[in-house]
Structures are given as structure tokens and as C-alpha cells.
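Residue strings, one per chain:
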Amino acid sequence: MDTAYAPRLRGSRVPVGLRAPFSGRTWREFLYLLLSLPMSVLMFSYAITVLAMGAGLLVTFLGIPVLAGGLAGSRALGGLERARARALLGLDVADPEPLRASKPGLMGWVGAVLKSGASWRHVVYSVLHLPWALFSFVFSLTFWSIGWALLTYPLWRWTFPEYLDQPGILMWDDGSGHPVHLNAPAEIGFTSGLGLLLVLAGPWVIHGLTQLDRVMVHGLLGPSLLATRVSQLEADRGVVVDTAAADLRRIERDLHDGAQARLVALAMDLGLAKEKLTEDPQAAAKMVDEAHGEVKTALQELRDLARGIHPAILTDRGLGPALSALSARCTVPVTVTVDLDRRPAAAIEGIAYFTASELLQNVSKHARATSATLDVWTNADRLMVLVADNGQGGAHTESGTGLAGLAERLDAVDGLLIVDSPAGGPTSITAELPWRG
């Protein structure tokens, strides 16, 4: 057996439930709950003090700057909370949207702070988190401490007769002089067993308590959904602009290196043929015939270029016929199945066509496959494009690959590229696009 896997196999013999009370995650989450109480007391006190001072000073000019400064302080405390959640809960929450002052200077900054929704969400977090932090602190500490205390009861029971002059834990005393203590072997074993159950359940209780903290930190201390969406759209816009620029450069290169070069050579050949027309008609006729062949080649290159920009068959007849014509040019036999009851938006239709074109080109160039399939269908409000082949596999979307660029293009329109291509094959690549019909 490979020794590299031996430690993993040995560790896997211990069930997760038995490892959980000793795992680092459990104790980090427990530490998070313990620290939440003093942190929430600090944030609550600060928020109430700032709001009270700001509201009280609103009758003067100082009220608004004081309130803005207090909100800025709440944002700073929120940064500490995000850092604590990142370190102890593994929750990576992005910073909220930055302040955007409408004009330079102090008053511009004050206005930006007061109009920022993130600033007020930090204050709401400071107020709402205290009661939850108090409950989770008390409950987790009590539950966890009692569990470990009962589990280890056989180890410290000797302290009762030694220092407290009683045989064990006092269960109850009816006042008649007959108290009940946990000192019999069966009672001690039952107590320790109950403690074991509490200890085993403790990690799940602690993890459950931290779930609300995760929701509050993510929802109140992170960027808003609108800001996140704007950021995504800005990134997508950059991808679209870069893609359009790359396509323009490709078209320019194809024109310059292909049809343009042929047309320049054709013009030169026709000029020479014109000069030889009276002196050597046969040579001129031969040159004209060669120029005719160059014209046909140039026209074919222009057709291919136009088809690469947007094929006419796609505009006239839709995805089904366009993909059938596309697969016919693939070097690998392709079975095409298109199940669409209507046409999507023209932009989505074009993206689906070029996605299929890119994937079939990869099959032709890299897959070493003997057959492939191309399936297109709808799933709710999504347009699905699936290209599968029986080739060597190994396709991935790591940076620098053609599939990485294709994934970025799809992401720019809220699409998704899913690659399943283990080494040795087969390969299955699914593109999801919004319908937008």
C-alpha cells in the first residue's frame, strides 16, 4: 500500500462524531462564542452612546459630524468583527462598499457616511447582536462545561469527601436527613455516560449557535446585495470589453493576413497582366486565370470570416440548422440534438452558437476523440448546451486555457461553464445560459 495514504486511512478509522469534541474547528467556534459577549457589549455600548450623543447634539451644528464620526467608528468595529469571523469561523466576508463622497472636504465625507447603508447596518448589528451573544455565551459555556464535568466525574469525585464532607454530587435533599448523592458505581457510570453524550453533542450545538452569527455578519457587516451585483456587473463589463477588443483584433488580423493580402497580390497580378495584354496575350491570359483563382480563394476567406462574425444561417433559421452546419465542418463525427420549442434572444443565441463552436474546435484539435455529441435544450429559464466526446480527457478551466476565457465570457452574461473531464476521458462540458427570450 502507498505509504502516502497511510495516515489518512488511520485517521479515517475514528468516526467524525468522536473526533469532533477535540477538533480545532469546535474549539475555535467555542472561542468565538466566548469572545462574542465582550465584543458585543463594547459595540452595543458604543452604538447607543454615539446615537444618543448625535441625537442630543442635532440642535447644534456638532450633531451631524458627531453622528457621522460615530458611524465611521461602527464601521471600524465591524472590520474587527469580520476579522474575528474570518479567523475563528473561516467566514470570509468582503468589506462593505467604500464611501463615495459627492464633493471633496469634510462635509462631503460626512454626507457620504450618513447616506451609506453599510454604516447604518453596522449600527443595527451592534444593537441586535448583544442579546444573541449573551444567550449563545451562556448556553454554550453551560452546556460544554457541564458535559465535560460530568464526563470526568470519576476523576474528581474524590474532592467531595476530601473537602466538602459529602460522598458525591448532591442530587436533592428533602430536608428529612436523607439526601441523595451520586456516589454508587452505577450512578457514577451513568453520570459519566450522560456527560459523554453531552460532550459528543457539544460540537453540533456550538456549530449550530454560530450559524446565526454567520448570517448576521454576512448580511449586516458585508456588502449589500445591490453593491455586490454592481461589482459583478462592473467586472462583467470589463470582460465584455476585453472580449470585444480581442474579437476586433482577431478580425483585423484575419483581414490583414488573409483576404487583404490576397487582394493586394490580385491587384498586382492584374496590373502585370494588363501590361502583357498586347505583348504576350497568352501569358496575360494565364495571369488572369491565376487571378481568378485568387479571387475565389479571397471570397471563400471572406465568407469564412463573415460566418465567424455571425453566420447568416443562425439569423435566418436558428440554432438547430446553424449547429448542424457547424458540426458538419468538425473533423470528428458529431451527433446533434436540438430540442427548443422557441428561439431565445438573439444575443443569447449567438453566444450559444459560438460556445458550441469553441467546444467543437477543442474536440477537433485536442480531444483525440472518434465521436462527439452536441445537445441543446431548455431547463426552466436556462439554455443548456452540452458537448461530450470519447477522447482522452484532461480538459480544465485553469487560467490561460481557452476554456477559462470561455467561462469568463459566459459569466459576463450570468452563464456558467461546467467541465467534467477526468484524465483518460470521456469529456462532458455543459454551458448554461439565461434564456432571455
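Use the structure listed above.
Every value quoted in this text rests on a predicted model; they were computed, and no experiment measured them.

Novice: Mind showing me how you'd approach a nonpolar patch on the surface here?
Specialist: A contiguous nonpolar surface patch, about 620 Å² in accessible area, is contributed by Phe61, Leu62, Leu99, Leu106, Met107 and Trp109. The residue Phe61 is located in the loop between helix 3 (24-56) and helix 4 (63-88) in this model. Of the residues examined, Phe61 reaches a relative accessible area of 62% and is grouped as exposed.

Novice: Can you walk me through the pattern of salt bridges in this structure?
Specialist: Pairing is possible between side chains of opposite charge, provided their charged atoms come close. Applying the stated rule across the entire model yields seven salt bridges. The salt bridge partner of Glu29 is Arg214, with a shortest N-O separation of 3.1 Å. Note that Glu29 is positioned in helix 3 and Arg214 in helix 9 (residues 185-220), a separation of 185 residues in sequence. Of the residues examined, Glu29 reaches a relative accessible area of 0% and is grouped as buried. Arg342 serves as the salt-bridge partner of Asp341, at 3.4 Å between the closest nitrogen and oxygen. Owing to a relative accessible area of 65%, Asp341 belongs among the exposed residues under this scheme. Assessed through its relative accessible area of 48%, Arg342 is described here as partly exposed. Ionic contacts of the salt-bridge type, sharing partners, join the residues Arg25, Glu29 and Arg214 into one network.

Novice: How should the packing of aromatic side chains be read in this particular structure?
Specialist: The description of an aromatic ring pair rests on the distance of the ring centres and on the angle between the ring planes. In total, this model carries nine aromatic pairs according to the counting rule given. Arranged with centres 6.2 Å apart and planes meeting at 50 degrees, the rings of Phe30 and Trp144 form a pair that is tilted. In this pair, Phe30 sits in helix 3 while Trp144 sits in helix 6 (residues 117-151), placing the two residues 114 residues apart along the sequence. One exposure class covers both Phe30 and Trp144, and it is buried. For the ring pair Phe135 and Phe139, a centre distance of 5.7 Å and an interplane angle of 20 degrees mean the geometry is stacked. Taken as a pair, Phe135 and Phe139 lie in helix 6 at a separation of four residues, close to a single helical turn.

Novice: What is the right way to look at the nonpolar core in this model?
Specialist: Proteins that are soluble and globular tend to have nonpolar side chains buried together. If you look at the biggest cluster of nonpolar residues, it comprises 32 residues, and the most contacted ones within it are Leu319, Leu323, Leu374 and Leu383. Those elements that provide at least two residues to this core are helix 13 (319-328), helix 14 (346-367), strand 4 (372-379), strand 5 (382-389), helix 15 (402-411) and strand 7 (427-434). By residue number, the principal contributor to this core is helix 14, which donates eight residues. With near-sequence residues (within four places) excluded, Leu383 lies in contact with Leu319, Leu340, Pro344, Ile348, Ala352, Val376, Trp377, Thr378, Ala431, Glu432, Leu433 and Trp435. By size, the runner-up hydrophobic cluster in this structure holds 20 residues, among which are Tyr32, Leu89, Val93 and Leu209.

Novice: Help me understand the sheet that holds strand 3 (residues 334-339), please; the structure alone is not making it clear to me.
Specialist: Each strand in a sheet pairs with another by means of backbone hydrogen bonds, the pair being arranged parallel or else antiparallel. If you trace the five strands from one edge of the open sheet to the other, you get 3-4-5-7-6, paired in mixed fashion. Of all the strands in the sheet, just strand 3 and strand 6 (416-420) have a single pairing partner and so form its edges. The sheet shows a mean angle of 10 degrees between the axes of neighbouring strands, direction not considered. In this sheet, strand 7 lies alongside strand 5 in antiparallel orientation, the contact comprising eight bridges. Among the inter-strand pairings, Met384 is bridged to a residue of strand 7, identified as Glu432. Relative to the sheet, helix 13 contacts strand 3, strand 4 and strand 5, its axis offset from that of strand 3 by approximately 175 degrees. Across the face of the sheet, helix 15 comes into contact with strand 6 and strand 7 while running at roughly 145 degrees to strand 6.

Scoring rules and cut-offs
- Residues numbered from 1 in each chain as written.
- Predicted model: local features only at pLDDT ≥ 70, side-chain atom pairs only at ≥ 80, totals over all residues.
- Heavy atoms only, no water.
- Patch = residues over 30% accessible without salt bridge, like charges linked within 9 Å, V, L, I, M, F, W, Y side chains within 5 Å.
- Areas by Shrake-Rupley, 256 points an atom, 1.4 Å probe, with all protein chains shown as cover.
- Salt bridge = Lys/Arg side-chain N within 4 Å of Asp/Glu carboxyl O.
- Helix = DSSP H or I, 4+ residues; strand = E, 2+ residues; numbered from the N terminus.
- Buried < 20%, exposed > 50% of the residue type's maximum accessible area, 1.4 Å probe, protein only.
- Phe/Tyr/Trp six-rings, centres within 6.5 Å; stacked < 30°, edge-to-face > 60°.
- Core = buried A, V, L, I, M, F, W, Y, C linked by side-chain atoms within 4.5 Å.
- Contact = heavy atoms within 4.5 Å.
- Pairing = 2+ DSSP bridges.
- Axes fitted to C-alpha atoms, helices over the stretch in contact; angles between N-to-C directions.

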